[in-house]
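Okay, here's what each chain looks like letter by letter:
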Amino acid sequence: MQTSPLDFRLATVADTELVVGLMREFYAEDQLDFDEARVRRALAALLEDPRNGEVLLWLSETGEVVGHAALAMGFSLEQGGHFALLDELYLSHAARGRGRGKQALAILEQRANARGVERMRLEVNHHNELARRLYLATGYVDDTRSLLTLQLASRLRDARA
């Protein structure tokens, strides 16, 4: 398999509709709940304040946008302070293969390192075995923990009722 170069550009606020469309495709494929209002709020915070992270748009050889990645900044005592969270990584079906997933990870790792963090974390759904194999093959470690989530707004609204 011949590696095909993967290029990118940083998304800006002007790319909001494009990124929302890519996110809709990604969420559908990965069986995630797409709450458009929540997505737009979070995306605006990411695009408007670089301290929160960045969104990369993956480009084909012809310059067409073929996916995206979201790199978000987090903080954890256990992680030694600031860390980067690879929040989303999506390549359209036509852009997959030819080593592009590995290239995307390498680019994201370099960008995280340039932010001065020593660790990058990511989430992968249990049903996405292909992505899991890619991450493990490139050095990511399954820390054998489960990620748990609580919808605070619902909890607090129910408590007030």
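Per an unreviewed UniProt entry, the recorded name for the protein is Ribosomal protein S18 acetylase RimI-like enzyme, and the organism is Stenotrophomonas rhizophila.

Caption draft 1: Inspection of helix α1 (residues 16-29) at higher detail. Over its 14 residues, α1 runs 20 Å from end to end, which matches the ideal 20 Å to within 8%, given 1.5 Å per residue. V19, V20, L22, M23, F26 and Y27 are the residues of α1 that are buried. Down the axis of α1, the smallest arc covering the buried residues is 165°, so these residues share one side. For α1, exposure combined with an orientation more than 90 degrees from the buried face picks out E17 and A28. Its buried side turned inward, α1 meets α2 (36-48), β2 (53-59), β3 (65-76) and β4 (81-91). Residue Q31 follows α1 closely and has a positive phi angle near 60°.

Caption draft 2: Fine view of the nonpolar core. Counting 21 residues, the largest nonpolar core has W58, L89, L108 and M120 as the members making the most contacts within it. Broken down by secondary-structure element, the contributors of at least two residues to this core are β2, β3, β4, α3 (100-114) and α4 (129-137). It is α3 that provides the largest number of residues to this core, a total of 5 residues. Other than its neighbours up to four places away in sequence, L89 contacts F26, W58, H68, A69, A104, L105, L108 and Y135. The next biggest cluster of nonpolar side chains, apart from the first, holds 15 residues, and it includes V20, L22, L46 and V55.

Caption draft 3: Summary view of the pairing of β3. Of all 12 residues making up β3, 9 are buried, and the element is well covered by its neighbours. Summarising the sheet, β2 and β3 pair through 7 bridges and their orientation is antiparallel. Residue pairing in the sheet places L57 in a bridge with H68 of β3. Between β2 and the antiparallel strand that follows it, β3, lie 5 residues; G63 among them carries a positive phi value of about 90°.

Caption draft 4: Geometry of the packing of aromatic side chains. Per the stated rule, a full pass over the model turns up 5 aromatic pairs. Their ring planes at 80° and their centres at 5.5 Å tell us that Y27 and F34 sit as a pair that is edge-to-face. Overall, the relative accessible area of 11% leaves Y27 in the buried class.

Caption draft 5: A look at the sheet that holds strand β5 (residues 120-122). The strand order across the open sheet formed by 5 strands is β1-β2-β3-β4-β5, and the pairing between neighbours is mixed. Each edge of the open sheet is held by one strand with a lone partner, namely β1 (7-10) and β5. Looking at each pair of strands side by side, their axes are set apart by 30° on average, direction ignored. Bridge count between β1 and β2: 4 bridges; the pairing is antiparallel. Pairing of R9 across the sheet is with L57, part of β2. Contacts from α2 reach β2 and β3, with the element oriented near 95° to β2. Sitting on the sheet, α3 touches β1, β2, β3, β4 and β5, and the angle it makes with β4 is about 155°.

What counts and how
Residues numbered from 1 in each chain as written. Predicted model: local features only at pLDDT ≥ 70, side-chain atom pairs only at ≥ 80, totals over all residues. Heavy atoms only, no water. Helix = DSSP H or I, 4+ residues; strand = E, 2+ residues; numbered from the N terminus. Expected span 1.5 Å × (residues − 1). Buried < 20%, exposed > 50% of the residue type's maximum accessible area, 1.4 Å probe, protein only. Arc of directions from axis to C-beta. Contact = heavy atoms within 4.5 Å. Core = buried A, V, L, I, M, F, W, Y, C linked by side-chain atoms within 4.5 Å. Pairing = 2+ DSSP bridges. Phe/Tyr/Trp six-rings, centres within 6.5 Å; stacked < 30°, edge-to-face > 60°. Axes fitted to C-alpha atoms, helices over the stretch in contact; angles between N-to-C directions.

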